[in-house]
Amino acid sequence: MATGWEDLELVDVGEGRFTTTITDPWRLAVAPQGGVVAAIAVRAMERLLGHSEQTLRTFTAMFAGVVQGGTVEVEVEVLRSGRSMSQLTATVRNPGAHAGLTALAAFGAPRRGFEFTELVLPDVPGPDDLRGYRDPLPEGIDFEFDGDPFPFWERVIDCRPAMGRPVWEPFEAGPGEAAFWYRLDHPPLTASGHLDVGGAIVLCDTMPSPIGQKLGPKSGSWFAPSVDFTFHAFRPATPGWLLSHQRAHHAGAGYASVDGALWDPRGEDGPTLVAYATQVMLFTFPK
């Protein structure tokens with residue numbers, strides 16, 4: 001059975017062009033998860049750059065067109081290849097499509113500087129003490145999920161809500177804030193045994209939940225496709241449970257702004273901030 005991570009494996013067809021196939025595990029409501037499309041772009045940039053000492057530092061993508069499952073093509077251009085930092089652009093789209101995901105990214109080697117983290121790990125229960133979305137519902141709960149779960153949540157990411165209201169509990173008004181423990185079923189690993197940056201990208205592209213936490217069930221049925229996605233890579237993570245702390249900052253005119261911090265509780269010096277992401281999304285309402 002396909003795990004989905006084989007979609008990060010690229011076929012080099014020359015002149016900065018690659019192909020791969022996005023398979024069923026990535027399917028969400030209307031298209032594959034945008035995080036895997038972003039991860040494919042990053043993997044293609046890494047391949048073309050060819051400087052393993054320069055790792056991803058920042059990545060910004062615009063979703064100019066929907067990237068569907070199946071065959072995708074990647075076109076990469078090196079804007080500048082430097083001794084300590086390089087910049088590239090990449091576009092991922094289906095064959096024959098005019099647009100898809102277009103991204104800019106910077107890769108850099110370690111350099112002299114300063115170290116501090118101003119964000120704080122939220123005080124939440126650990127994953128072993130929480131009910132996950134794959135677990136049976138509590139006895140006596142009068143709730144049913146609206147349809148079968150998407151393959152993405154059944155075969156790619158295991159999720160346990162740590163802050164905010166799980167959907168099976170009564171709604172209580174609160175801020176647009178949520179936190180989830182995530183664990184990848186088949187984490188892509190580096191040669192050192194750390195989580196590949198593509199795995200962290202996928203975990204960060206999961207940010208509509210704080211909007212649902214703010215609005216509650218009276219908002220009705222809605223979906224929030226990505227307009228953009230920015231990802232800052234800080235430290236490599238160990239495979240296992242990671243905590244995503246997500247906040248919604250503003251909603252208006254049919255758009256919303258959110259951010260998310262990804263934490264590794266098993267860092268060498270204590271909990272470590274792995275990555276930070278921001279996103280603008282737009283609201284759509286099924287008929």
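Scroll up for the structure.
Residues numbered from 1 in each chain as written. Predicted model: local features only at pLDDT ≥ 70, side-chain atom pairs only at ≥ 80, totals over all residues. Heavy atoms only, no water.

**Q** Where do I start with the nonpolar core in this structure?
**A** Most often, soluble globular proteins have nonpolar side chains that are buried together. Judged by nonpolar contacts, the single largest core of 61 residues is most densely connected at Met45, Phe59, Leu101, Phe229 and Phe231. Looking at which element gives the most residues to this core, the answer is helix H1 (residues 34-49), with 10 residues. Contacts of leucine 101, omitting those with residues within four sequence positions, involve Val37, Ala38, Ala41, Phe59, Ala61, Met62, Phe63, Gly65, Val67, Ala90, Thr91 and Val92. If you look at the next biggest cluster of nonpolar residues, it comprises 10 residues, including Val124, Trp181, Leu243 and Leu273. (Core = buried A, V, L, I, M, F, W, Y, C linked by side-chain atoms within 4.5 Å. Buried < 20%, exposed > 50% of the residue type's maximum accessible area, 1.4 Å probe, protein only. Helix = DSSP H or I, 4+ residues; strand = E, 2+ residues; numbered from the N terminus. Contact = heavy atoms within 4.5 Å.)

**Q** I would appreciate a short explanation of the packing of aromatic side chains in the present structure.
**A** We describe a pair of aromatic rings using the distance from one ring centre to the other and the angle between the two ring planes. For the structure on display, the rule yields 7 aromatic pairs. For the pair tryptophan 26 and phenylalanine 152, a centre-to-centre distance of 6.0 Å together with 45 degrees between the ring planes defines the contact as tilted. In this pair, tryptophan 26 sits in the loop between strand E2 (17-22) and H1 while phenylalanine 152 sits in helix H2 (residues 151-155), placing the two residues 126 residues apart along the sequence. Here a set of aromatic residues connected by ring pairs shows up, and it is made of Trp5, Trp26, Phe152, Trp153, Phe180 and Tyr182. (Phe/Tyr/Trp six-rings, centres within 6.5 Å; stacked < 30°, edge-to-face > 60°.)

**Q** Sorry, what's going on with the state of the cysteines here?
**A** Tallied over the full model, the rule gives 0 disulfides. As a non-bridged cysteine, cysteine 159 has cysteine 204 as the owner of its nearest cysteine sulfur, 14 Å distant. Its relative accessible area of 6% is what places cysteine 159 among the buried residues. Judged by its relative accessible area of 4%, cysteine 204 is buried. (Disulfide = S-S within 2.5 Å.)

**Q** What's the story with the pattern of salt bridges in this structure? I'm lost.
**A** When charged atoms on two side chains of opposite charge get close, those side chains can pair. Inspection of the entire model under this criterion finds 11 salt bridges. Residue aspartate 24 pairs with arginine 155 through a salt bridge whose shortest N-O separation is 3.4 Å. In this pair, aspartate 24 sits in the loop between E2 and H1 while arginine 155 sits in helix H2, placing the two residues 131 residues apart along the sequence. Looking at aspartate 24, the relative accessible area reads 38%, which means it is partly exposed. The partly exposed category is assigned to arginine 155, whose relative accessible area is 25%. Residues arginine 134 and aspartate 185 are paired through a salt bridge, measuring 2.7 Å at the closest nitrogen-oxygen approach. In this pair, arginine 134 sits in the loop between strand E6 (101-108) and H2 while aspartate 185 sits in the loop between strand E8 (177-184) and helix H3 (197-204), placing the two residues 51 residues apart along the sequence. (Salt bridge = Lys/Arg side-chain N within 4 Å of Asp/Glu carboxyl O.)

**Q** Could you clarify how one ought to interpret the pairing of E6 in this entry?
**A** If a strand is regular, its side chains alternate between the two faces of the sheet. Among the 8 residues in E6, 6 count as buried, and that is most of the element. One ladder, built from 8 bridges, connects strand E3 (residues 55-63) with E6; its direction is antiparallel. Directly across from threonine 60, in E6, lies its bridge partner leucine 104. (Pairing = 2+ DSSP bridges.)

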